[in-house]
Amino acid sequence: MAGNTYGTLFKLSTFGESHGVAIGGVVDGCPAGIELDLEAIQKDLDRRKPGQSAIVTQRKEPDTVEFYSGVFEGKTTGTSIGFAIHNTNQKSKDYGHIKDSYRPSHADYVYDQKYGFRDYRGGGRSSARETASRVVAGAIAKQFLKDIKITAYVSQVGSLALDKSYKEVDFTEIENNPVRCPDEEMASKMESYIKDIRKEGDTIGGIVDCVIQNVPIGLGQPVFDKLHAELGKAMLSINAVKGFEYGSGFDGVAMKGSQHNDQFNSDGSTKTNYSGGIQGGISNGMDIYFKVAFKPVATVIQGYETIDKDGNKVVTEGKGRHDPCVVPRAVPIVEAMAALVLADFTLLNRATKL
């Protein structure tokens, strides 16, 4: 299986399956001498881990990361940073009933068709559990980036949408509720809705907003390696993501050019920021902001019709421990992938100036 590595200079390669012994990764290209706050890395993992509230999967994993190389006396050595997160609470028997059948809209079918064999336990390599490794690498990237601030939060669950821009919300409220929505009233509504969806044995989707502040001018390349294109690729590589928009996004099509153009201030900043902090594929120093849409989880805990490996129609039902809505746990994943993109472009920018 190819495609397990992300990045050009700041690289992450991940390994492991949902119900294997462990998941983990190797980070290459991180400069030497970066002082790592291991508690901060673990904190980001804790934000992603299962079982943290009543509205996420109840799989109980400590998700404690162990570093095996590349860190000495609290600092990066410039060599490969190897790490692992051991799985401790697998319940593989929960997936025995889909050994020979496929969950609709899940990767089950295409994996079998592509490889002729699949690990049906929790989805194997296609499980979102793989993203824990991304969070570790992203947390390292955040500490390399230092002054750049990356903040993600839940802005929508189903049709319940927060009608505020990122400039109108209080980021300190994000971690004050299990939904990670920075609005107490809307967060309460979202939480109740997710609980109702769970009782129905169903799932629901949502949107995660992300804001990147203090970005220097010049990150990104003007043709194929545009900064927004790479951010889009990074976000669309996350499990269950179905959409990405940045800046004015789709709303911009209803505006005239004279309205949409970001007029300059004398210092080079702009009066508005419909560009979303990126022009011509290159960061312009303004805030970068984007939205990531997540579909409802494919595994529903109710009866459904599907096919088996011989093409016969069968009726089955979901079992096991699954998220009724992924967006609360997706927040640190979105931040991590954004950090990996920016870390990579930061190193690429240095290389072009040598």
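See the structure above.
Quick look at the structure, then. Think of each chain on its own: its residues are numbered from 1, step by step along the sequence as written. Reporting of local features is limited, given that this is a predicted model, to residues whose pLDDT is at least 70; pairs of side-chain atoms are given and counted only at 80 or more, and all residues count toward the totals for whole chains, interfaces and linings. The side-chain quantities take in all heavy atoms of the structure and omit both hydrogens and water.

1. Quick word on the pairing of strand S10 (residues 206–213)
Among the eight residues of S10, eight are classified as buried, and the element is accordingly described as predominantly covered. Here the rule is simple: two strands pair whenever DSSP picks up at least two bridges between them. The helix count covers DSSP runs of H or I at least four residues long, the strand count covers runs of E at least two residues long, and both are numbered beginning at the N terminus. As paired elements, strand S8 (residues 149–157) and S10 share eight bridges and run antiparallel to each other. Paired with Ala152 across the two strands is Cys210, which belongs to S10. By the bridge criterion, seven bridges tie S10 to strand S14 (residues 288–294) in an arrangement that is antiparallel. Looking at S14, one finds that Gly206 is bridged to Phe294. Per-residue accessibility, obtained with a 1.4 Å probe over protein chains only, is compared with the maximum for each type, and a residue is labelled buried under 20%, exposed over 50%, and partly exposed between these values.

2. Digging into the packing of aromatic side chains
Paired rings are identified among Phe, Tyr and Trp, the last through its six-membered ring, by centres lying within 6.5 Å, and are further divided according to the angle between planes into stacked (under 30 degrees), edge-to-face (over 60) and tilted (the rest). For the structure shown, the criterion picks out seven aromatic pairs. Taken together, a centroid distance of 5.7 Å and an interplanar angle of 65° make the contact between Tyr111 and Tyr115 edge-to-face. Of this pair, Tyr111 and Tyr115 both sit in helix H2 (residues 108–115), four residues apart, which is roughly one turn of the helix. A centroid spacing of 5.3 Å and a plane angle of 45° characterise the contact between Phe244 and Phe290, whose relative ring orientation is tilted. Taken as a pair, Phe244 in strand S11 (residues 241–246) and Phe290 in strand S14 lie far apart in primary sequence, 46 residues in all. Residue Phe290 is classed as buried on the basis of its relative accessible area of 3%.

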